[in-house]
Structure formats: C-alpha cells, structure tokens
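Understanding the architecture of this molecule
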Amino acid sequence: NIIIKMYQVFKFGGASIENVNRIKGVGDILLSYNNSNLVIVFSAMGKVTNMLEDLVDSYVNKKEDVFQHLQKVKSFHQEIIDELFDKKHSVRNTVNNLFLEIEWILEVNPNYQPSYDYDQIVSIGEFLSTTIMHSYLLERGFKNTLYDARDLIRTDNTYRNAKIDWKLTNDFINKKLKDKHCITQGFIGCTSENFTTTLGREGSDFSAAIIAFCLNTDQVVIWKDVPSMMNADPKFFDDVKPIEKISYDEVIELAYFGAKIIHPKTIQPLKKKKIPLYIKSFLHRDSVGTKIFEDLEIESNLPLYIVKNNQILISISDRSLAFIVENHMSKIFSLLALHSVEVNMMQNSAVSFSICVDNDKHTITDLIKD
C-alpha cells in the first residue's frame, strides 16, 4: 500500500516571530492546525537579517565594530531564549554553536568574494530562528522535526542570488520530508561542494514555493502582519483597499515592479503546478486574506501603487558626448547582468542613458567602477 501524504506549506516571516508575544501567537496558529500535514518555513527573527548584513559590511571592510554587531545579534536572541526556556534547556548550546560558526569566519580574513562571506554569515539568522521555534513548539506540545534547508535545496554557486537545481532539489525534498510537521529555513540553499547559498533578499517566500512545487502541495500560506494584500502600502497611503483575489500574472507584474508583498520568484513554480497561494494575517486570523490563483480578476477600477525606497540614479554618457548607440547599450546591460543589478526604471536620450536601481552597497560601488 502506498500512502500519499498531502502537505500544506506555511511560511512565517521575521515580523511574525520578532518578539515573545508574536512567537506565542505563531504557536497558537500552528496548534490549531495540529491535525494537518505541514511544512513550516521560517525567516530570521525580526530585523536580524539587517543586523547580520551590518556585521558582514563591517567584516569585509575590516572595520573595528564587527564584534559589536555580533553582540547585538546575540543579545537579541538571548533575551527571547531567556523568556521562553529555562536555564538548562539544550537550545542554549545549539544557539551558542551557531554563533561560534560566525566567530570562526570572523577570525580569518574576508574572502575575495564578498557575496560568499555574506551567504555564510547572514544565513545563520534562519538557523537561529528555526532552532528556537523548533524547541519552543515542542514545549507547546506541537510535535515537529527540524530539517536543514541545505539538505533539501540544491543550488549553483551564484552567492546571494543562487539558481535552483530543480531535479536534485525535487529528489531531496521528496526523499527526506516524511514527518507530519516539518520545520525548515527559508532563504537558504547549498552547492554541490556543500557551501551555503542564499536565494536573494526576501527569499523565504521562494523557499516555500520551491517546497510546494516539489511536494505538489494543496496550498501555500504566507503569514504576514497585514490582513491581506492591499492596493498600496498603508505606510505611505491613506484609504488603502484590500485585494481578496488576484491572478498569478498580476502578482508577478506587481512583484517585478517592486511590490514587497511577494518575492518576485515565488509565483512561477506555483503557477506551473496550479497551487493556490494565500496571504493571511498572523494578527487577524479571522480576516479573509488574499487568494492568488489562475484567472482571478481584481476590481478593474482599483489602482495599484508601488513605492520603492533607497533608489540610486545612474546617468551614463560617452566621454566624447557622442550618441548612445546599440553597442553602448549592449555593454551597459552586460555589466548590469555581471553585477546582478536589476533596472527599476530607464530613460534613453540622444547622448545619455539613465537607470534607476536599488542602492545596494554590496553591488553598486563595483558596478559604477566598471
């Protein structure tokens, strides 16, 4: 007899587990799904990814405040652990060992490839969050098994934006994920040489979609701090409207242009297998949320607004002020591809070409130099 286990994939972002109250709320949600087969993907807690990025920046630039940044990350997790667990709980040793991994990296000179260092250090944020959540949920009576995402998701070695080896990843996920409740890290993969990679910023959504695709799951639920997708960011706009249903293609367009609700790569694998994606609120569990599926039309008169912060304008012209022609454009786009820089807006005139891109300190300096 063959037993086919149908999973749902849940993804919880950093905001859902940024403090003890929210961690307890996630516990309440998962206990209410105790009878379901779940794969649960966690991001790093709160703003830990930002903290670790600051640490990496100090490390690769050989600044003196590296260990101050590390201490900030340690203190953040220590406070949460002290509130959730007793002083002899084994989770403390596991967390200390994860911080040792960072310290070992910091004891040697930075790699010639900053993106490699980034992935080895920043990925620890997800290992910290899943270690803590796995142990906490066991304490709450929610039986679960913790899986290392590096044993599940195989990638190439494009650090900070790794490409998925779909065949190997499919084999690993279907071979290894067997338990009723499986917990793993978002954002993380592994090369064939066993080096940690990351899937791009906000890549935990993509991790959930990869797992759903490979397991042919019933649905994916991304739990957020908003009741649903909105037609604009309420931080910038008044009178925003909820979107209860929307098509895959519409969301892909929105993500491409910078809507932060869903990672741009997330929708494609779900669309291929026709797996519905739901946006639900961990703060308002009774709210309808948003369903993303095929051919779901939003109200035709509902405008959609996207705000992109921290942009940099780069204007390029020929030294001799000659016309910008095709071979110039070809060279410009080759350099953009080389540095993995995506163009958000562009304008071409007779003698100049201007682009608007995310002001990423790890890539823009080298791009401009080239």
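Predicted, not measured: the structure shown is a model, and the values here were computed from it. Every residue gets a number counted from 1 within its own chain, in the order that chain's sequence is written. Given that this is a predicted model, residues contribute local features only at a pLDDT of at least 70 and side-chain atom pairs are listed and counted only at 80 or more, while totals for whole chains, interfaces and linings are drawn from all residues. The side-chain figures draw on all heavy atoms in the structure; neither hydrogens nor water molecules are used.

**Here we look at the nonpolar core**
One broad trend across soluble globular proteins is that nonpolar side chains are buried collectively. We call a set of buried residues a nonpolar core when its members are Ala, Val, Leu, Ile, Met, Phe, Trp, Tyr or Cys and they connect through side-chain atoms within 4.5 Å of each other. For every residue, the accessible area obtained with a 1.4 Å probe (protein chains only) is divided by the maximum for its type, and the residue is called buried under 20%, exposed over 50%, and partly exposed between those limits. With 52 residues, the main nonpolar core has F12, L30, F42, I102, I121 and I132 as its most contacted residues. Whether two residues touch is decided by their heavy atoms; if any such pair falls within 4.5 Å, the residues are in contact. When neighbours within four sequence positions are excluded, I121 is seen to be in contact with L52, L55, V56, Y59, I102, I105 and L106. Core analysis: the next-biggest nonpolar cluster, separate from the first, contains 43 residues, V39, V41, V220 and A259 among them.

**What to know about unusual backbone geometry**
For residues that are not glycine, phi is negative in most cases, and the peptide bond is trans in most cases. With a phi close to 80 degrees, F187 is a non-glycine residue in the positive phi region. The exposure class of F187 is buried, given its relative accessible area of 4%.

**Remarks on the packing of aromatic side chains**
Stacked, tilted and edge-to-face are the three classes applied to pairs of Phe, Tyr and Trp rings, where Trp contributes its six-membered ring and a pair requires centres within 6.5 Å; stacked means planes under 30 degrees apart, edge-to-face means over 60, and tilted covers the rest. Inspection of every chain in the model, using the stated rule, returns 13 aromatic pairs. Considering the side-chain rings of Y116 and Y159, the 5.2 Å spacing of their centres and the 85 degrees angle between planes classify their relative orientation as edge-to-face. Residue Y116 is found in helix α5 (residues 114-122), and its partner Y159 is found in the loop between β3 (145-146) and α7 (166-176); the two are separated by 43 residues along the sequence. Given the relative accessible area of 18%, Y116 is considered buried. Note on conventions: DSSP H or I runs of at least 4 residues are helices, E runs of at least 2 residues are strands, and numbering of each starts at the N terminus.

**Structural notes on the side chain of Q8**
Mapped onto the elements of the fold, Q8 is located in strand β1 (residues 8-12). Excluding residues that lie within four positions of it along the chain, Q8 makes contacts with S36, N37, L38, V39 and Q219.

**With respect to the sheet that holds strand β15 (residues 353-358)**
As summarised here, the arrangement of the 3 strands in space is β13-β15-β14, forming an open sheet in which the pairing is antiparallel. Of all the strands in the sheet, the pair left with one neighbour each is β13 (311-316) and β14 (343-348). The mean inter-strand angle of the sheet, taken between neighbouring strand axes irrespective of direction, is 15 degrees. Sheet topology note: the β14/β15 ladder contains 5 bridges and is antiparallel. Residue M345 lies in a different strand from β15, and its bridge partner there is C356. Here, any two strands with at least 2 DSSP bridges between them count as paired. For every element, the axis is a line fit to its C-alpha atoms; helices are fit only across the contacting stretch, and the angle between N-to-C directions ranges from 0 to 180 degrees.

**Remarks on the pairing of strand β7 (residues 219-224)**
Along β7, 6 of the 6 residues are buried, which leaves the element largely enclosed by surrounding structure. Sheet analysis places β1 next to β7, joined by 5 bridges and oriented parallel. Within the sheet, the bridge partner assigned to F10 lies in β7 and is V221. Inspection of the sheet shows β7 paired to strand β11 (residues 277-281) by 5 bridges, in the parallel sense. The partner of I222 across the bridge, within β11, is I279.

**Quick notes on the packing of helix α2 (residues 48-60) against helix α3 (residues 66-84)**
In the contact formed by α2 and α3, the axes pass within 8 Å of each other and the chain directions differ by 160 degrees. Taken together, the axes of α2 and α3 are roughly antiparallel relative to one another. Here α2 and α3 pass one another in a crossing that is left-handed. Here V48, M51, L52, D54, L55, S58 and Y59 of α2 lie close against α3, whose contacting residues are V66, H69, L70, K72, V73, F76 and H77. Working rule for angles: under 35 degrees goes down as roughly parallel, over 145 as roughly antiparallel, 65 to 115 as roughly perpendicular, anything else as oblique. Should the near helix be turned anticlockwise from the far one by less than a right angle, the crossing is termed left-handed; should it be turned clockwise, right-handed.

**What about the environment of S43?**
Along the chain, the position of S43 falls in the loop between β2 (38-42) and α2. Two N or O atoms form a polar contact when they lie within 3.5 Å of each other; inside protein one atom must be a possible hydrogen donor and the other a possible acceptor, and for residues adjacent in sequence the pair counts only when both atoms belong to side chains. Within polar-contact distance, the side chain of S43 engages the side chain of S204 at 3.0 Å.

**Some words on the pattern of salt bridges**
By salt bridge we mean one thing: a side-chain nitrogen of Lys or Arg within 4 Å of a carboxyl oxygen of Asp or Glu. Scanning all chains against the criterion turns up 15 salt bridges. One salt bridge connects E294 with K274, and the closest N-O pair in it is separated by 3.7 Å. Remark: K274 occurs in the loop between α10 (267-273) and β11 and E294 occurs in the loop between β12 (290-293) and β13; sequence separation between them is 20 residues. Overall, E294 belongs to the partly exposed group, its relative accessible area being 29%. Across the pair K308 and D358 runs a salt bridge, and its minimum N-O distance is 4.0 Å. Of the two residues, K308 is situated in the loop between β12 and β13 and D358 in strand β15; the sequence distance between them amounts to 50 residues. Take K308: its relative accessible area is 31%, and that puts it in the partly exposed class. The exposure class assigned to D358 is partly exposed, which follows from its relative accessible area of 39%.

Limitation: the analysis is restricted to geometry and does not speak to function.
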